[in-house]
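Summary of structural features
Letter by letter, the chains look like this.
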Amino acid sequence: MAVVSWKEILLLTGLVVGCYWNSLSCGFVFDDVSAILDNKDLRPSTPVRNLFLNDFWGTPMAEERSHKSYRPLTVLTFRLNYLFSELVAAFYHLLNVVLHAVVCVLFLRVCRLFLDKTSSLVAALLFAVHPIHTEAVTGVVGRAELLSSIFLLAAFLAYTKSTSANHSIVWAPIALTVVLVAAATLCKEQGITVIGICCVHEVFVAQGFTLPMLLDTLRRVLQGKDGFPYAVLQTLLKLIVLVISTLLLVIVRVQVIQSQLPVFTRFDNPAAVSPTPTRQLTFNYLLPVNAWLLLNPSELCCDWTMGTIPLVESLLDLRNLATLVFYTFLGLLAYHSLRYRHSSARTVIMALSLMVLPFIPASNLFFPVGFVVAERVLYVPSMGFCVLVAHGFKIVSHKGPLKKISWVIIGVLLTTHAVKTFKRNWDWESEYSLFTSALKVNKNNAKLWNNVGHALENQNNYAKALQYFLQATRVQPDDIGAHMNVGRTYKNLNKSREAEDAYLVAKSLMPQVIPGKKYATRVAPNHLNVYINLANLIRANESRLEEADQLYRQAISMRPDFKQAYISRGELLLKMNKLTEARDAYLRALELDRTNADLWYNLAIVNIEMKDPSEALKNFNHALELNPRHKLALFNSALLMQESGEPKFWPEANRRFLTYVEEEPEDANGYFNLGMLAMDANENAAAERWMRKAIGLQAGFRSALFNLALLYSQSKREIDALPALDELLRHHPEHIKGLILKGDILMNHKKDTRGAKACFERIVRMDPTNVQGKHNLCVVYFEERDLPRAAHCLEETLAMAPHEEYVRRHLSIVRSKMAAMSAAGQPLTSGGGAAISAEEEKPERAEEGPEEEGRGADAVGKGNGEEKNVRKSSAESLGGVDQSESLDSSQSDERTTGKSTEEIKDIERKRAAALKRLEEIERILSGD
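Everything quoted here is computed from the prediction, not taken from an experiment. (Residues numbered from 1 in each chain as written. Predicted model: local features only at pLDDT ≥ 70, side-chain atom pairs only at ≥ 80, totals over all residues. Heavy atoms only, no water.)

Thoughts on the packing of aromatic side chains
The cut-off we apply is this: Each aromatic pair joins two rings of Phe, Tyr and Trp (for Trp, the six-membered one) with centres within 6.5 Å, and gets the label stacked for planes under 30 degrees apart, edge-to-face for over 60, and tilted for any other angle. Secondary structure follows DSSP: runs of H or I at least 4 residues long count as helices, runs of E at least 2 residues long count as strands, and numbering of each begins at the N terminus. Partly exposed residues are those whose accessible area sits between 20% and 50% of the maximum for their type, while under 20% is buried and over 50% is exposed, using a 1.4 Å probe and protein chains only. Each ring is checked for a lysine NZ or an arginine CZ that lies within 6 Å of its centre and within 35 degrees of its normal; such an atom marks a charge sitting over the ring.
Tallied over the entire structure, the rule returns 17 aromatic pairs. Between Phe635 and Phe657, the aromatic rings sit 5.7 Å apart at their centres with planes inclined by 80 degrees, giving edge-to-face as the arrangement. In this pair, Phe635 sits in helix H28 (residues 631–643) while Phe657 sits in helix H29 (residues 650–663), placing the two residues 22 residues apart along the sequence. Here Phe635 matches Phe657 in class, with each residue buried. Every member of this aromatic cluster is reached through a ring pair, and the members are Trp21, Phe422 and Trp426. A cation sits over an aromatic face here: Arg319 above Tyr285, 5.2 Å from the ring centre. Above the plane of the ring of Trp690 lies Arg689, whose end atom (NZ or CZ) is 5.1 Å from the centre.

Focus: the nonpolar core
We count it as follows: To define a nonpolar core, start from buried Ala, Val, Leu, Ile, Met, Phe, Trp, Tyr and Cys residues and group those joined through side-chain atoms within 4.5 Å.
By size, the foremost hydrophobic cluster in this structure holds 172 residues, and its most contacted members are Cys302, Ile309, Val373, Tyr531 and Phe620. Broken down by element, this core gets its largest block of residues, nine residues, from helix H26 (residues 597–609). Among the nonpolar cores identified, the runner-up in size contains 73 residues, and Val103, Val105, Leu108 and Ala155 belong to it.

Observations concerning the state of the cysteines
Put simply, the test is: Pairs of cysteine sulfur atoms within 2.5 Å are what we label disulfides.
A complete count under the given rule lists one disulfide for this structure. Between the sulfur of Cys778 and that of Cys793 lies a disulfide, 2.0 Å long from S to S. Judged by the sign of its S-S torsion, about -80 degrees, the bond between Cys778 and Cys793 is left-handed. Of this pair, Cys778 sits in helix H36 (residues 771–783) while Cys793 sits in helix H37 (residues 787–800), and the two are 15 residues apart along the sequence. Cys793 shares its class with Cys778; the two are buried. Lacking any disulfide linkage, Cys19 is separated from the closest cysteine sulfur, that of Cys104, by 9.3 Å. Cysteine Cys198 remains unbridged, with the sulfur of Cys199 as its closest cysteine sulfur at 7.0 Å.

Comments concerning the side chain of Thr246
Applied cut-off: The contact criterion used throughout is that any non-hydrogen atoms of two residues lie within 4.5 Å.
Relative to the elements of secondary structure, Thr246 occurs in helix H11 (residues 230–256). Owing to a relative accessible area of 17%, Thr246 belongs among the buried residues under this scheme. Discounting residues that sit within four places of it in the chain, Thr246 has contacts with Ile192 and Ile195.

Some remarks on the confidence of the model for the protein
Put simply, the rule reads: A residue's pLDDT is the confidence the predictor assigns to it, expressed on a 0 to 100 scale.
Across the protein, the average pLDDT comes to 84, with 86% of residues at or above 70. Every residue in residues 831–850 scores below 50 in pLDDT, and together they form 74 contacts with partners more than four places removed in sequence or on other chains. Between residues 852–928, whose pLDDT stays under 50, and residues either more than four places distant or in other chains, the model counts 198 contacts.

So, helix H5 (residues 117–129)
Put simply, the rule is: For a helix, the expected span equals 1.5 Å multiplied by the residue count minus one. N or O atoms within 3.5 Å of each other form a polar contact, as long as, within protein, one can give a hydrogen and the other can take it, and as long as residues adjacent in sequence are counted only when both atoms are side-chain atoms.
The terminal C-alpha atoms of H5, which comprises 13 residues, lie 19 Å apart, in line with the 18 Å expected from a rise of 1.5 Å per residue. The buried count for H5 comes to 11 of 13 residues, which makes it a mostly enclosed element. What H5 keeps buried is the set Ser119, Ser120, Leu121, Val122, Ala123, Ala124, Leu125, Leu126, Phe127, Ala128 and Val129. Against the buried residues of H5 lie helix H1 (6–20), helix H4 (89–111), helix H15 (381–397) and helix H16 (403–427). Its side-chain oxygen placed 3.3 Å from the backbone nitrogen of Thr118, Asp116 serves as the N-cap of H5.

As for the packing of H5 against H16
The condition that has to hold: A fitted line through C-alpha atoms serves as each axis, taken over the contacting stretch for helices, and the angle formed by two N-to-C directions is quoted from 0 to 180°. Throughout this description, any angle smaller than 35 degrees is read as roughly parallel, any larger than 145 degrees as roughly antiparallel, any in the 65 to 115 degree range as roughly perpendicular, and the remainder as oblique. Helix crossings fall into two classes, left-handed where the near helix is turned counterclockwise from the far one by less than a right angle and right-handed where it is turned clockwise. Only Asp, Glu, Lys and Arg are considered charged in this grouping, and only Ala, Val, Leu, Ile, Met, Phe, Trp, Tyr, Cys and Pro are considered nonpolar; every other residue, Gly among them, is considered polar.
The geometry of H5 relative to H16 is characterised by a closest axis approach of 8 Å and an angle of 25 degrees between their N-to-C directions. The angle between the axes of H5 and H16 places the two elements in the roughly parallel class. The hand of the H5/H16 crossing is left-handed. On H16, the residues that touch Thr118, Val122, Leu125, Leu126 and Val129 of H5 are Trp407, Ile410, Leu413, Leu414, His417, Ala418 and Thr421. Residues belonging to the contact of H5 with H16 are distributed by class as follows: nine nonpolar, three polar and no charged.

Looking at a nonpolar patch on the surface
Quick note on the threshold: Note that patches include only residues with greater than 30% relative accessible area and no salt bridge, and the join distances are 9 Å for like charges and 5 Å for nonpolar side chains (Val, Leu, Ile, Met, Phe, Trp, Tyr). Each accessible area value is a Shrake-Rupley result obtained with a 1.4 Å probe; residue values ignore everything except the protein chains displayed when judging cover. Definition used for salt bridges: Asp or Glu carboxyl oxygen within 4 Å of a side-chain nitrogen of Lys or Arg.
Together, Leu24, Val88, Phe91, Leu94, Val98 and Val102 line one region of the surface with nonpolar side chains, adding up to about 460 Å² of accessible area. Looking at the element boundaries, Leu94 is found in helix H4. On the basis of relative accessible area, Leu94 is assigned to the partly exposed category, the value being 40%.

Regarding unusual backbone geometry
Each neighbour pair has its own omega, and for Thr276 with Pro277 the value is 5 degrees, a cis peptide bond. Following the sequence through the fold, Pro277 ends up in the loop between H11 and helix H12 (278–295). Positive phi values are uncommon outside glycine, yet Asn577 reaches one of about 65 degrees. Looking at Asn577, the relative accessible area reads 43%, which means it is partly exposed. Even without being glycine, Asn682 reaches a positive phi, approximately 60 degrees. As for its position among the elements, Asn682 is in the loop between helix H30 (668–680) and helix H31 (684–697). For Asn682, a relative accessible area of 65% puts it in the exposed group.

Notes on H29
When the terminal C-alpha atoms of H29 are compared, their 20 Å separation across 14 residues agrees well with the 20 Å that a helix rising 1.5 Å per residue should span. Taken together, the buried positions of H29 are Trp650, Ala653, Arg656, Phe657, Thr659, Tyr660 and Val661. The elements touched by buried residues of H29 are helix H27 (613–626), H28 and H30.

What about the pattern of salt bridges?
Applying the stated criterion across every chain yields a total of 40 salt bridges. With a shortest N-O distance of 3.1 Å, Asp501 and Arg497 are connected by a salt bridge. Here Asp501 pairs with Arg497, and both are found in helix H21 (residues 496–508), just four residues apart, close to one helical turn. In this structure Asp501 comes out as partly exposed when scored by relative accessible area, which is 37%. Overall, Arg497 belongs to the partly exposed group, its relative accessible area being 48%. Two residues, Asp561 and Arg559, come together in a salt bridge whose shortest N-O distance is 3.5 Å. Classification of Asp561 by relative accessible area gives partly exposed; the value is 35%.

Right, here's the structure in full:
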């Protein structure tokens, strides 16, 4: 066997790079989204053992919705990609290109077993540039084909060394073959078919048998004329080992999928649910269709499901001729290769085994698969096709007159294929380019129209997306998914009535419940989302909550393991204040999936509603164990720890808020809460820095501006607080607490009685029942020496708050002063020129407490311009009058907080309101 030279390796590698370098600019498209972007098994936080428990898409194999595609070694390479480059698509594509080059080199080595040096190189070059491979190489999920092919070819090469020079069995290569076959199978299921290729090679190439020879030997043994020759016994022994190892692999594979085949619908593979003979005629017709794609890859399409290939429903259908021609040609090749012993026959039989055996699992002939035609499954069969082409080239080129023509044809073929491959790569640049290119080939596939709509939807171009979704319903009127897409898009366009109509059409197309027949076997799991989407839509109407709950319960009755229905119903029950039922719904969902961080988070929210903060914190921690970067859990658990009032929790709360702002660096709320934590810890410099960061990100951030001003006031920097208060009142002129604080600073530190009076008068105009504002205005009147007006003002204040002792005391002071001045014959107003010295008794102003806009467990990052966070700290009250202005020496340290019983109740009402806003939490596992 001729070895592969470095020049040939460099030639093949250069050709692969030349054809596929532009694939590095492509993103994650089509199935890449599910396998890469949405697959939690790639994340370092997911245990590696999950790769061996879940399918290719990250779904547990035990779940019915699993596709049962078990490829843990392929997912492991995705995980390694993520470890080094996270979700940078170029590195995933680069590794695919490298793997394709490795396959080409191994394939050249295999070809050297059957072809001469030139012909084998032609086969490898054709394989390197064939356009049918773009889906396997440029599509990241095609890596399953690439890895499986590497182990498949390596297993075959190992097996070819299982016979020594003296024709005895060498067991080490056979053992290595079994290991490599297992590895190939763990990359993709078709890897196991290399056992069949090894058997064909052993019988017809290594031992040199032909079919007539085998039949004659068998006849002689059965007639008792002769026993099995030693060579035949050796062959049988090796084949038995291969067959037993294959059976063991099959048994393990069946155990992995728990003896269940995946659930596919007629939309995935229409022929699979068709009656006889339509099913058989269509599946057999698909064989020449695949062969034609290898022969003429001019019109390639990423999706061949649904109506792409119409069913062959009659024997009179002319397409049956193509099936007949295909089987005739295949039969002639098989007859030629099995009847003769010359090298040409051996080459053809190996080419056929490479082309036919790896294709059997995807052929639909023995069991249905989830597609009609898939270009990437032709990756290994194309090896046999390339061997046949190269062998034909060898035969023709040895004939004098056709030698030059054959070289020209091969040159043109390689060039056109390379150009086609390079151009085809650009189609995989984005989902929009991929699906629009597919529509140029096939306009009868509703799934393609839907996918173009999805691509436009991701660009927020809902109006144009709707046109494609509507066209999908016209192409396939019974496509439930298309009607669901129409409904969702109408909802995004705020057309609720049209959205509901579309969902009702989709719901009417659902298979009806048949007593005694399992419903799940007749419907795609994602189609049940029509109940979720419809319920999510109508529950926006408070009068239809029970109707929405009925839809959720209907979905659960159809599939008791429908996790999303429990999640959505839990949200609804939370909104309906049925807390126990909501908790039970989430607990049932957790029984189905305990690795879902969002479920633990939602359960924690219910615990908050149920006034069980310790259980809520425990469930938040469960969510963070599963997903340490879960943004909502980070934010709200930190908030819960801070609001506990226990300083021991503050360092961890600070760490979680810091992690949150790493994830959401543009969300001012994270920085605001870091500032509040710093205020609680008396770290004023840090608090100021975080507050200013929050204000810089969100101009007019009410809570941040007020608490920054409060921080300055507490730090004896009252003058610095005024600019923050001015900005606060410019954005929120109705902010009463800001006005009280500003009035206090103007009165107490700027000695600006007029400015303070304007603040307090503004408060009274906005809220005539505000006791603090009214009382402080009374103090201003006293400062202005207008005692009658001050007394009248205090009388009105006392009428509003008869239980406030400080108001009663201050009124008594003013009345006493008025009586004393009247007895002395002094005028009671400043107009009389009387002055009140600093040593005389003066009423204090009622002081404003801290901002009560506490930070509740609301959704983060809603972008609605409102403060999502409500502050409930125990910061010091605002500064009051100077001690030199105290009522008397015995009261010099008395400070009135001005918090009445009613205000305390108001705080509780605000807390309740914050909890009510939980119904607006942005759910990640939304039904839409």
